[in-house]
Amino acid sequence: MRITLLIVLGMFLYSNQTQAQYASTKVKSKHQIYTDSLKQVEYNYLFPILGQGAYTKGFDIPYPAGLMANYMLMDQSLVFDNLQLGIESDNIDIPLTDIEFVEFGKNTNRSYSINVRPDLWILPFLNVYGIFGYGESHTEVNIVAPLEFKSVVDQSFNTVGVGVLGAGGIGPVWFSVDANWTWNQPELLDKPVRTNVLGIHMGHTFVFKNKPESNIALWAGGMSIQMNSDTQGQIKLVDALPAEVWENRDAFVSEYNEWYDALSIQKKILVDASPIPDIVDKIDSADGETIIKYGMDKQVKERWNGLIGVQYQYNKHWMLRSEAGLIGDRKSFLLSLNYRFLL
């Protein structure tokens, strides 16, 4: 009984990784000839398992295998904590050291990525997929103490990942839960950054009366993003600081010295034990080739944001989809083209 219920719920799913398009009872009545013809189909393909049962009940399931091309643009705020710094040059080698007196302001990250997602419907209500992609990232880190300045880091990254999607429907409404795990390797970090994404969607599909294989799906939902917080890497000092710091390095060093002179003896001891004085000396001597090692805990400012989306299905082979994140700190835009085939 439980398996039968899952199958019936799963029959409502018809799209790719984030939406469904099985005909509801109301739509089915408008296409009785089409749905009756499905009941006569002999499903001789391996996937999805239980595909014959779906057709026997008159549900039009998607072709089981697919290849999706995605373009993703995202803009969000980041929170940094537990900063560590180190320095490496010809005459200095200081390992990562805790820095407790640096304060961050608003930090932002804008990135775009292009990826491909091969997928397979294992069951009519269960899809698995892989993710392979490339992207570029622009991060702005604002320091507000002890000195105010902004560091801008541009870098590329490669992505690999896996995901799973489950879906079903109740009457004319379908729903899906999509979870994936990706490992992003930026060029300036020592280890990949693992990101966990959870998407929840609910929507409705409008089937064209005269062309049952074509439809438009609309949905709303939410997306959660969580990163592993430990980040370590290294960068040349010339790339870590904005051009205005180098152009006005005398004023920068003078401002640092004024700040240092105003500290208590206890705080001066704390600063002297860190790599900060050596970094300031390198700035003063215009030595931008010095390597700065860094480590920190990094996380997105807001875990959840709201989504709205639309998909046009031309036929059972081709679908075009767009989704936007508009509610919350995170803003995103997704454009996808999906091709499906029998397997």
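It should be emphasised that the depicted structure is a prediction, and the values quoted were computed from it without experimental measurement.

A. Expanded view of the overall build of the protein. What the protein contains, in helices and strands, is 9 helices and 14 strands. Residue burial in the protein is summarised as follows: out of 343 residues, 48% are buried. Element-wise, carbon and sulfur atoms account for 60% of the exposed surface of the protein, whose accessible area totals about 17100 Å².

B. Examining the packing of aromatic side chains more closely. One pass over the full model with this rule turns up 10 aromatic pairs. Seen from their ring centres, Trp174 and Trp219 are 6.2 Å apart, and the 55 degrees between their planes marks the pair as tilted. Here the residue Trp174 occupies a position in strand β7 (residues 173-186), and Trp219 occupies one in strand β9 (residues 211-227), the gap between them amounting to 45 residues. Summarising the burial analysis for this pair, Trp174 and Trp219 share the class buried. Taken together through their ring pairs, the aromatic side chains of Phe101, Tyr256, Trp259 and Tyr260 make up a single cluster.

C. A look at the packing of helix α7 (residues 249-261) against helix α9 (residues 276-284). Here α7 crosses α9 at 155 degrees, and the two axes come no closer than 9 Å. Classified by the interaxial angle, the pair formed by α7 and α9 is roughly antiparallel. In the packing of α7 onto α9, the handedness of the crossing is left-handed. Contact residues: Arg249, Asp250, Phe252, Val253 and Tyr256 in α7; Ile276, Pro277, Val280, Ile283 and Asp284 in α9. Tallied by class, the residues present in the contact of α7 with α9 amount to 7 nonpolar, no polar and 3 charged.

D. A look at a negative patch on the surface. A contiguous patch of negative charge on the surface is contributed by Glu148, Glu255, Glu258 and Asp261. We classify Asp261 as exposed; its relative accessible area is 55%.

E. Geometry of the packing of α7 against helix α8 (residues 265-272). It is the contact of α7 with α8, at a shortest axis distance of 9 Å, that shows an interaxial angle of 135 degrees. What the angle tells us is that α7 and α8 run oblique. Contact with α7, carried on its side by Tyr256, Trp259, Tyr260 and Asp261, involves Lys268, Val271 and Asp272 of α8 and no other residues of that element. In terms of residue class, the contact of α7 with α8 is made up of 4 nonpolar, no polar and 3 charged.

F. Region of interest: the side chain of Arg330. Position of Arg330 among the secondary structure elements: in the loop between β13 (318-327) and β14 (331-341). An unpaired buried charge is present at Arg330: no salt bridge exists, and Asp329, the closest side chain of opposite charge, is 6.5 Å distant. For Arg330, the side chain forms a polar contact with the main-chain oxygen of Glu302, separated by 2.8 Å. In this structure the side chain of Arg330 is engaged in a polar contact, spanning 2.6 Å, whose partner is the side chain of Asn305. Excluding its chain neighbours within four sequence positions, the residues that come into contact with Arg330 are Met74, Asp75, Gln76, Met223, Ile225, Val300, Glu302, Arg303, Trp304, Asn305 and Gly325.

G. View of the pairing of strand β1 (residues 65-88). For β1 and β14, the ladder comprises 11 bridges, and the chain directions are antiparallel. The residue bridging Met72 from the neighbouring strand is Leu334, located in β14. Two strands pair when backbone bridges link them, and β1 and strand β4 (residues 107-123) are joined in this way by 14 bridges, in the antiparallel orientation. Pairing of Ala65 across the sheet is with Leu120, part of β4. Pairing of β1 with strand β11 (residues 291-300) involves 9 bridges; the strand directions are antiparallel. Opposite Val79, over in β11, you have Gln299 as the bridge partner.

Calculation rules
- Residues numbered from 1 in each chain as written.
- Predicted model: local features only at pLDDT ≥ 70, side-chain atom pairs only at ≥ 80, totals over all residues.
- Heavy atoms only, no water.
- Helix = DSSP H or I, 4+ residues; strand = E, 2+ residues; numbered from the N terminus.
- Buried < 20%, exposed > 50% of the residue type's maximum accessible area, 1.4 Å probe, protein only.
- Areas by Shrake-Rupley, 256 points an atom, 1.4 Å probe, with all protein chains shown as cover.
- Phe/Tyr/Trp six-rings, centres within 6.5 Å; stacked < 30°, edge-to-face > 60°.
- Axes fitted to C-alpha atoms, helices over the stretch in contact; angles between N-to-C directions.
- Parallel < 35°, antiparallel > 145°, perpendicular 65-115°, else oblique.
- Left-handed = near helix turned anticlockwise from the far one by under 90°.
- Contact = heavy atoms within 4.5 Å.
- Nonpolar A, V, L, I, M, F, W, Y, C, P; charged D, E, K, R; others polar.
- Patch = residues over 30% accessible without salt bridge, like charges linked within 9 Å, V, L, I, M, F, W, Y side chains within 5 Å.
- Salt bridge = Lys/Arg side-chain N within 4 Å of Asp/Glu carboxyl O.
- Lys, Arg positive; Asp, Glu negative; His and termini not counted.
- Charge placed at Lys NZ, Arg CZ, Asp CG, Glu CD.
- Polar contact = N/O pair within 3.5 Å; in protein donor to acceptor, adjacent residues only side chain to side chain.
- Pairing = 2+ DSSP bridges.

In short, shape yes, function no, at least from these values alone.
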